[in-house]
Every structure is written in structure tokens, then in C-alpha cells.
Amino acid sequence: MTGRILYAGLELLDHQLRDRDGRLCGNVDDLEVERSPDTGELYVTAIVAGPGALLQRMGRRRLGGWIERANRLVGDQGRDRNIIPLALATRIGPNIDLAVDAEDLATADTERWVRDHLIGHLPGNRHRAPE
Amino acid sequence: MKRFLAVFLGILTAIGGFVDIGDLVANSQTGTRFGMNLAWAVVLGVIGIIVYAEMCGRVAALAGRPVFDLVRERLGPRVGLANLLASFFINFLTLTAELAGVAIALSLASSVSYLLLIPFVAFLVWLVIWRMPFETMERVFGLLGLCLLVFAVTVWKVGPDWGSLFHTASHPQVPGTETGFTYAYFAIALFGAAMTPYEVFFFSSGAVEERWTEKDLATNRANVLIGFPLGGLLSLAIMASADLILGPAGIDVGQLSQVALPVASALGRVGLAVVLVGIFAATFGAALETALSAGYIVSQYMGWMWGKYVRPRQASRFHLVVLLSIGAAMIFGLTRVDPVKVTEYSIVLSAAALPLTYFPILVIANDPSYMGDKTNGRFLNAVASIYLVILVVLSIVTIPLLIITKGGTG
Amino acid sequence: MRPRSMARSLVAGCGVCSLAGCLAACVAHPVGPARTYAGYEGKAVTSAEAAQSSVATVQLVASTAAAGKAFGPYTVVSVSEQEDGLSAVEGTFASIQPPDRRADALRDELVAILSSAVDHVADVRIAARRGDLADLDRVAAPLRADAAALDAFVARHG
């Protein structure tokens, strides 16, 4: 396995995620790290972003767990979509660009819920922003 | 010619948008109690906000990121969260005060009780945010805010002894009727009124909303370097009006209506009408900015889509936060809380919380990976570092002073 | 990480305290009891000074309106605000328990002055509501005596 050497804390964690259309879709809340069996080095394998992930990283595991479960009630899929394989990251810089649609990520669940149940009912919510 | 007009409009908007209810209250109260002995605090605050806003604008234009976006990234999620909670709370107080200010301005023109008007004002603020384009919003209320120039006209009309006015401003001392503690407290209040954090959240997010690029940096500098000092002069005009007319009468400012009194006394009904329009515009504009700021800082910390530059349904959580903040501020205002007291607390706490937002900006403005080759120059860094020290000192002494002076009354 | 968690608790504590303190102070203005004559006298002077500002404001608003320099709604709202403020000052001061007999005399004196001021301000408010702006100077004339009484009180006890 090869890869870039980064200061994960500085260059990955808490950075803004953007989807393939440039839309903002969350921050890097946590990272999944594996130790290579041969060299013993640590490799970042996935980005964790989504409801509850940040709280779990900050040590509030139970609260983070609740929020994650609550989010599953709001989103339709049951599987764990907080985890974004690092292979999907097309560019790592001040923003981290992902080759996915924001809609597919876990963080979009509450956005969708708020849109469908609240904001979407207000007149003018489709109003095009002028250039 | 068109370019010149755009820059000119930008400067006017910056002047008119500079003053909000915090400046109105702080400058009036200080004017009656201390005369011009605290004018230096306004000057200091104006220089501070110029430094601050220039850096924010530059960061927004070059890195495409607003302040709060970067707070979590550079300071970490824990400090970022503390920052978010503190900023959100102070922002909430400010929003309540501004909503009340709009309601009071309307009530002074209509004699309907301001409490009845608060829900109407809250709805109006939300509606403008929901529908009015960003630039239009800024322009309209910024330019209308220029009506507050009537305070400068008031000072001129009264025809004071300019010599003694300048002398007091340049040789400040603690008046016999006040203590060193109240003097320091009001200096902090004036400073906080000039350097309000929400202005920076709004300013930097607004720069991203308007898609600023490197080309816009010059315009930004013009707005900031010309507009803000003139806005500061406007603040000093409010202070001087209070000093010249309310001070000798022994009036202590505890109501927004008293802020407008010098103008009525000097210029009559026309002046009064103009100043009420100005107060309405200034507080309404500030309410818009504070409400949007609430949405900005939460969304930016969480990484949500934010902004008016996309369709509302594409930034649903952002708009929900804005809506709920306005609602909560409306409810708080309806509890008959004293608007002037809320204003005082919001500006003083703003001053105390300044390092939280100021420090990350200073760090980012020096980071070549965000700024390219346009990092801070040495002179700017020197000034900015001095301000950082000032802000940290303010942070430490504000709460004790608040307690010792019993909120400025002691 | 003991120092870090201590620092965190400290910051959290400060935050909660200032939050609670601010909200509480914003909503109510509690006045504590006075245990000594000097303390009571101090509160009396503070009340008198607040009243001085209200009376002076009403006088200025009245003369401004009488000179045709202020319109109806502004005048009415301004005077009403000061009337409410004065009543609140009177009510708050009257509710403080005087610590001794000497304080009783002080209480009677100030409450009488404040009461008179509230009455006269109410007169101004009534006239303003009726639209008699040009007459407000005359209606506000009794406030001169109230202002003088307050000044004398503050000079004597302040």
C-alpha cells in the first residue's frame, strides 16, 4: 500500500467535505485508521462524517450513539453510511472533494427531513437565487 | 465611472450599516455620563474592526471560506464548539436587542406599544431574509442607515465649542461623577459595540455569498478603510449629541427614545422623522445580519450547506436555524426584557468573546496554504498582534467589571 | 488529562454562570434589603438620581413638543416610558424595608417626592395623548418643583 504522508490531524480532520458538484456536505468528523500488517504504519482508510460521529470522537460515545440511532429513524437506509472510503476522495486540500453525491451521505438525511417536512412547505423555497 | 459608482455605493453602505443598536445605546449613554472622555475607545474599536474586517474579507476572497468555517478546522472541534456556543448565545442576545430596537423605532412613530410590534418585526425580518437577494438587502438598509447622519447635523446645528470638544476627546480623564471602574466598563462597551463579532461572521460569509475573488479585494479595502472610519465618526456624532443636549439636562439614557431626543430638540420634526428612519434601518439591517449569522455559524461548524446564494430548499437546515433563532429572539423580547439592558449585555459580552473569533482569523490570514502570497504584511501583523493582546486583556477584565459596576450602574 | 479537563470544567462553569447571570439580570432587577441606615440612604439616593433623569427627560420632551419640534406618537411614547420608569422606581423603593425609625422619615420624604413626580408626569402623558402638544410646557411646569426637590434630596443625602 502506498499513499501520501499527511498530518491527518491538520490536513484531514475537521475539514469541509464537498461533493462532486461542489456542494457542501459536512465536515470530516473522524477517521478510520488501519495498521498495515507488513510495515506497521498507520493508513487512513476512511473518512467518518455524519450525525453522532463528532460527538463520539470527542468522547461522548453514548450521546453520539443516540444521535446516530435517531438519524437512522430519519433516514431510510439502515446501514452505516457515516463511513466514506478514502478512495472516494478526489482531492485533499483546504476542502476535501468527494466523488459522490451529497444525497448519498449520512449527513444528508436530516437535511432531507428538514426540507421535506419543514422548509419545503414554505412558499418560495424553490425560489432561484439571482446571479 | 461605473466602477467608481460601485465603490462609492459600497462605501456609503458601509457607513450606513456600521451603526446598530449597540452603538446607539453605548454612544448615547457614554456621551451623557462621560462627555467626550471616551471618544478614544470608539477610535480604538474602529481601528480594530478595520483590521479584523480586512483580514476576513481577504480570507474569504482568497480561500473562499468564511471565518467560522475555519474556526473548527484550525482550533479543533472542542474549542470550536465552545466558540460556537458562546458566539451563538451572544448573537442571540444581540438579535433580541435589534428586534426590539426595530419595534421601538416603529412604536415611536406610531405610538403602538413596541411589544405588540415585535412579532410583526420578527416576521418581517424573516421574510426579507427569505426573499430579498443578499446584495439588495445590504444596499437598501445600508443606504437608509445614512439617515443617521442627522446626528452629525445635530452637532453642527448646536454649534458647540469645537475646541473644548476636541480637547476633551484628546485629553481623556475620568469625570468626577464616575469611578475608574465605570470608566473602564464603558470603554469596553464602546469597544464591543464597534467590534461586534456578528459583523465579522456576516461580513466574511457575505463575501463568500457574493463570490468575492482577488479582484474584489481592492473594493473591500476601500469599503473598510473609508467606510468604517466614517461610520466611527457617526458614532462619535451620536456621542457628541448626547453630550451637548442630554448631559447638561442631567438625563441618563435608558430608553431608545432618549437617543433620538437631541435630534428632535435641535432639528425639530423633520430631524426626528429622519432619525427614526435611520434607527429603523440600522436596527433592521443589524437584525438581518445577526439572524443570518446565527445560521452561518451553526451551519459552518457542522459543515452543512449554507447561504442565500442557493435555493432555500438546498440549505434547509441553515434556513431552519435562522427561522428558529428569530423565533427564539422574538419570544425572549416578548418577556418584557429591557431592550437597553439586553443591548448593554450583548455588547459587553461581545467584547469579552472577541479573542475566540479574532485569533483564528489572525492565524489563517498568515497561512500561505490558504492565502497564497497575500498573507499579512509585517505592519499589519504588528497591529493585529497588539489588538490580540488588548482583546485578551478585555476578556479577562470584562466579567469582573460587569459585576463590580453592577452593569454600569454602580 | 487532568489539567485539560479541569480547564474545561472551569471554562464551562464560567460559561454557565455568566449565561445564567446575564439572563437573570436582563429579566428582573432585584433590589436587596437595606440593613443599615447608611445602606438605606444609599438606595434612596440611587432612586432619587434615577428619578431626576426621568423628570429631566419629561421636561425636555415636553418643551421640545411644545415648541413644535416633536410629533405626537414620539412624545406620547417617550413620556409613557418615563412614567413607567418613575413608577417602577417609586414602587421598588417603597418596597424596601426601612431598617429603623430614622429611615422611616427618609422613606416618607422620598416617597412623597416620587409620588408627586409620578402624578405630574402622568398629567403630561394625558395631555400628550390628547394631542395638546402646544400646551405641554404649561402642563409640565409643576415638574420644576419636583426636580428641585429631588436635587435638594440628593444634595442632602448623597
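Here's what I pulled together on the structure shown here. (Residues numbered from 1 in each chain as written. Chains lettered and ligands numbered in written order. Predicted model: local features only at pLDDT ≥ 70, side-chain atom pairs only at ≥ 80, totals over all residues.)

Residue and element names in this part refer to chain B. By secondary structure assignment, the location of P339 is in helix 14 (residues 339–365). Given 25 C-beta atoms within 10 Å, P339 falls into the buried group. When the C-alpha atoms of P339 and N366 are compared, they prove to be 39 Å apart, with 27 residues separating the residues in sequence. With residues up to four places along the chain from it excluded, the contact list for P339 reads A97, A100, G101 and I104. (Helix = DSSP H or I, 4+ residues; strand = E, 2+ residues; numbered from the N terminus. Buried ≥ 20, exposed ≤ 12 C-beta atoms within 10 Å, placed from the backbone. Contact = placed C-beta atoms within 7 Å.)

Below, the discussion takes up the nonpolar core. All names here are of chain B. If you look at the biggest cluster of nonpolar residues, it comprises 214 residues, and the most contacted ones within it are L99, V125 and L190. With 28 residues, the single largest contributor to this core is helix 12 (residues 256–302). Apart from the residues within four sequence positions on either side, V125 is in contact with L99, F284, A287, L288, A291 and I326. (Core = buried A, V, L, I, M, F, W, Y, C linked by C-beta atoms within 7 Å.)

So, on to the pairing of strand 2 (residues 24–27) of chain A. All names here are of chain A. Where strand 1 (residues 16–18) lies against strand 2, two bridges are found, and the strand directions are antiparallel. Paired with Q16 across the bridge in strand 2 is N27. Following strand 1, the chain reverses through five residues before pairing antiparallel with strand 2; G22 in that reversal takes a positive phi of roughly 85°. (Pairing = 2+ DSSP bridges.)

In this section: the environment of G131(C). Tracing the chain through its elements places G131(C) in the loop between helix 4 (101–130) and helix 5 (136–139). The exposed category is assigned to G131(C), around which 11 C-beta atoms lie within 10 Å.

Chain A puts 25 residues into the contact, and the matching count from chain B is 26 residues. For the side of chain A that touches chain B, the secondary structure elements donating two or more residues are strand 1, strand 2 and helix 4 (108–117) of chain A. Per element, the largest residue contribution to the side of chain A that touches chain B is four residues, and it comes from helix 4 of chain A. Considering only residue class, the side of chain A that touches chain B consists of ten nonpolar, nine polar and six charged. (Nonpolar A, V, L, I, M, F, W, Y, C, P; charged D, E, K, R; others polar.)

Moving on, we get to the sheet that holds strand 6 (residues 89–92) of chain A. Residue and element names in this part refer to chain A. If you trace the four strands from one edge of the open sheet to the other, you get 2-1-7-6, paired in mixed fashion. For this open sheet the edge positions go to strand 2 and strand 6, each flanked by a neighbour on one side alone. Averaged over all pairs of adjacent strands, the angle between strand axes in this sheet comes to 25°, irrespective of strand direction. Pairing of strand 6 with strand 7 (residues 95–98), which is carried by three bridges, proceeds in the antiparallel orientation. Residue pairing in the sheet places A89 in a bridge with L98 of strand 7. (Axes fitted to C-alpha atoms, helices over the stretch in contact; angles between N-to-C directions.)

On to the arrangement of the chains. Ranking the two pairs of chains in contact by number of contacts places chains B and C first. Structurally, chain A and chain C remain out of contact, their C-alpha atoms never closer than 12 Å.

At the interface, 27 residues of chain C touch 31 residues of chain B. When residues of the side of chain C that touches chain B are traced back to their parent elements, those giving at least two are helix 1 (2–27), helix 2 (37–66) and helix 3 (72–95) of chain C. Grouping the amino acids of the side of chain C that touches chain B by side-chain chemistry returns 15 nonpolar, ten polar and two charged.

Before going further, it helps to spend a moment on unusual backbone geometry. Not every positive phi belongs to a glycine, and D14(A) is a case in point at roughly 65°. A positive phi angle, near 65°, is found at R336(B), a position not held by glycine. Within the secondary structure, R336(B) is located in the loop between helix 13 (316–334) and helix 14. Classification of R336(B) by C-beta neighbours within 10 Å gives exposed; the count is 8.

Residue and element names in this part refer to chain A. Taken in spatial order, the three strands of this open sheet run 3-4-5, and their pairing is antiparallel. Each edge of the sheet is formed by a strand with only one pairing partner; in this case those strands are strand 3 (30–35) and strand 5 (83–85). In this sheet, neighbouring strand axes are inclined to one another by 40° on average, regardless of whether the strands run parallel or antiparallel. Where strand 4 (residues 42–48) and strand 5 come together, three bridges link them in antiparallel fashion. Of the residues in strand 5, the one forming a bridge with I47 is I84.

With that settled, the discussion passes to helix 6 (residues 142–157) of chain C. Residue and element names in this part refer to chain C. For helix 6, with 16 residues, the first-to-last C-alpha span of 23 Å sits near the 22 Å given by 1.5 Å per residue. For helix 6, the full list of buried residues reads L143, D146, A149, L150 and F153. Here the buried residues of helix 6 occupy an arc of 115° about the axis, which is enough to place them on one side. Of the exposed residues in helix 6, the ones pointing more than 90 degrees away from its buried face are R144, A148, A152, A155 and R156. On its buried face, helix 6 is in contact with helix 2 and helix 4. (Expected span 1.5 Å × (residues − 1). Arc of directions from axis to C-beta.)

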